[in-house]
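Coordinates in review
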Amino acid sequence: MVQAIRRLAAILSADVVGYSRLMGDDEPRTMAALGECHHVFRRHFDANNGRVVDTAGDSVLGVFDSVADAVLCAMATQRELAQWNEARVADRRMLFRVGIHLGDVFVQADGRVYGDGVNVAARLQALAEPGGICVSEMVHAAVGNKLPAVFESLGEQQFKNIAVPISVYRATLSPDAVLPDPDVARRSMPPGPAPTTLAFGSSLMQRVMEQVAGVAGTTATVLIQGESGVGKELIARHIHEESPRRVGPFVKLDCASILADVFESEVFGHVSGALPGSLRDHAGRIELADGGTLFLDEVGDIPADLQAKLLRPLQDSTFERVGDHRTRRADVRFIAATSRDLVDQVSRGAFRRDLFFRLSVFPISVPPLRSRPEDIPVLVEYFLREHGAAGQAGERRLTEGHIRHLQTYDWPGNVRELRNVVERAVILSGSGPLRFDEALPSSAFSYPARAALPEAGTPARGFLTAAEFELVERNNLVGAMEATGWQVSGADGAAAQLGIPASRLRARLKALGIVKPAPTSLYARLGGSRGIATFARELFGRANAHPTLGRFWKGRSTYGVLREERLLIAYLSSVAGGPTRYVGREMKEVHRGLGITADDWGVFRAILRDTLEALRIPDRERREVVDFAESLRADIVEG
């Protein structure tokens, strides 16, 4: 069975008011009229870059890559249907109600979609007036005042299968409002800058580019992580250029270079007189990026006391200029990048946890150059062409010796350093052969290349033991199986994704004791390995940072603390019914001698409650987690 693909999409759901009555009164005429209405919907879907995925009965369901396209399609369709209805008897009119939501859907191989995103859109449509439109707050935030519609707030609604209330808005369109032609922007778009080129030849970068291709067409916030010089800004620009916002601006904000006292002004702008010497209003980067993308480079360097100011625009696209009380709205897609370990910064309290979660909707990790030596010859050839040195006569060309020489270097400055080395080699070689031996640095920053090991799982000693390597393999296989719906073979199976024969994968699953968890298990209901790991890291980080409970980890090395976290993840995965059996220290036994008091347990209980609430764990699963934790109390609390 082919696995359904999960994606973020704008969903439009519509149905006819009083459909059952119309069918009962005159079924043939009702079906004929409904067919004409469906034809109108399909025409406007095509004109606004959407597609109809279901027209069963009186309903119409479709998906769009752009929220604005979905709303424009709904308004244009409702307007044309209103004109179509004028010639019909009042009690025979087809009055559609439309709901629009931006959310996750699962797309099957035959094009059908299902999921909570569809459920919310259908419930929103039920709240709309006949011939009207209702949207969720995510749609409202995305289109704001950019479309010729007035949005009236209907308050919050608790929808089925949704853990938190959703704000609902009703869209109304005045009869004389002029809808924009969806093709005007494309026809009038001036020639832009040359597209961003990303040169690579490794499978690691191929996976990164597959992620980029998947997220580019959505409106999701992206967090690009990687060492300095790996090309995070190039990837951000490529996402923008491949997105529906390509006609809008790409605005960069270097968070590391902005002084704290002018940060707000740079981001949000200010009004005249708000700052010393300011004689006129100043638009901030968010306003400048309206309709496009705002790239927050080195977001990990934002001072802690200023991080909270980004929460609001990330949440609902609203902000206020410094010195101004008027709330403004900007249609901006956020892409952030950092060379810092934000998870570590969050655990140390140096980076806001809520800001991290809002930025990391879709994280992309760019591997360092030393982990992908196959990219080096491709990049060198590209940089040589930039300098006009590629393909020249004589010996001024890239040789196998050059490649081997360059691949023995560790590249602490990554692709940026490689570019500089190529330029230096071209300059030093003059009209003779390329001299990379003289171009490579010989300072204290340079050191021989080491074996490429998983960056997050490599201990300080520089290698993994057999047990540690087995754990890495087990976690990798579990991740592959969960990503493919526990399908081993086939084009979309885990074996194909891993690049190994299905028989070998089955043998490794059996050898490592990996079995498919029951769908009713707490493990599955908490979101599988990713959900368990998120919960465990959040709980562990809060406990570690607490002034009372933090004493249990005082003096421990970073590697030791990370090991404790990994053990906790493995233990919780196992007891929750996960795919692997826990192998490690006996949790109850190791905690008995730590001197955990009843007061300590009270603090832990409060941290557990806060963690479950922060992650919005459903009530049923929340009770199960709390009950399991309480079952351990008698064995580990003294007195």
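In what follows, the accompanying structure is described.

Tracing the sequence through the fold places E298 in the loop between strand 13 (293–297) and helix 11 (304–307). For the buried E298, no salt bridge is present, and the opposite-charge side chain at shortest range is K232, 4.4 Å distant. Sequence-distant contacts of E298, defined by excluding residues within four places in its chain, comprise K232, D254, C255, A256, A337, T338 and S339.

The geometry of an aromatic ring pair comes down to the distance between the two centres and the angle between the two planes. Summed over the entire model, instances satisfying the criterion amount to eleven aromatic pairs. Taken together, the ring pairs in this structure connect F41, F45, F64 and F96 into an aromatic cluster.

Spatial strand order, 10-13-16-9-17: five strands in an open sheet with parallel pairing. Sheet topology places strand 10 (250–254) and strand 17 (362–365) at the edges, where each strand pairs with a single neighbour. The sheet shows a mean angle of 20° between the axes of neighbouring strands, taken without regard to direction. Summarising the sheet, strand 10 and strand 13 pair through five bridges and their orientation is parallel. Paired with F250 across the bridge in strand 13 is T293. Packed onto the sheet, helix 7 (residues 203–216) meets strand 9 (222–225), strand 16 (333–338) and strand 17 and runs at close to 155° relative to strand 17. Where helix 8 (residues 232–241) meets the sheet, it contacts strand 9, strand 10, strand 13, strand 16 and strand 17, and its direction lies at approximately 155° from that of strand 9.

If you check helix 17 (residues 414–429), its first and last C-alpha atoms are 22 Å apart, about what 16 residues at 1.5 Å a residue would give, namely 22 Å. When we look at burial in helix 17, the residues that qualify are N414, V415, E417, L418, V421, V422, A425, V426 and S429.

The next thing to look at is the environment of S489. Within the fold, S489 resides in the loop between helix 19 (466–483) and helix 20 (494–498). On the basis of relative accessible area, S489 is assigned to the partly exposed category, the value being 34%. Separated by 13 residues in the primary sequence, S489 and A502 place their C-alpha atoms 5.6 Å from one another. The contacts of S489, once residues within four sequence positions are left out, are A502 and R506.

Tracing the chain through its elements places V222 in strand 9. Considered as a pair, V222 and S360 are 138 residues apart in the sequence and their alpha carbons are 6.1 Å apart.

This next bit is on unusual backbone geometry. Comment: phi is negative for the bulk of residues other than glycine, and the bulk of peptide bonds are trans. Although it is not a glycine, N49 adopts a positive phi angle of roughly 60°. As for its placement among the helices and strands, N49 is situated in the loop between helix 2 (27–47) and strand 2 (50–54). Judged by its relative accessible area of 42%, N49 is partly exposed. One non-glycine residue, W486, adopts positive backbone phi at about 60°. Topologically, W486 is positioned in the loop between helix 19 and helix 20. You can call W486 buried: its relative accessible area is 18%.

About the criteria used
- Residues numbered from 1 in each chain as written.
- Predicted model: local features only at pLDDT ≥ 70, side-chain atom pairs only at ≥ 80, totals over all residues.
- Heavy atoms only, no water.
- Helix = DSSP H or I, 4+ residues; strand = E, 2+ residues; numbered from the N terminus.
- Buried < 20%, exposed > 50% of the residue type's maximum accessible area, 1.4 Å probe, protein only.
- Lys, Arg positive; Asp, Glu negative; His and termini not counted.
- Salt bridge = Lys/Arg side-chain N within 4 Å of Asp/Glu carboxyl O.
- Contact = heavy atoms within 4.5 Å.
- Phe/Tyr/Trp six-rings, centres within 6.5 Å; stacked < 30°, edge-to-face > 60°.
- Pairing = 2+ DSSP bridges.
- Axes fitted to C-alpha atoms, helices over the stretch in contact; angles between N-to-C directions.
- Expected span 1.5 Å × (residues − 1).

In short, geometric facts, not functional conclusions.
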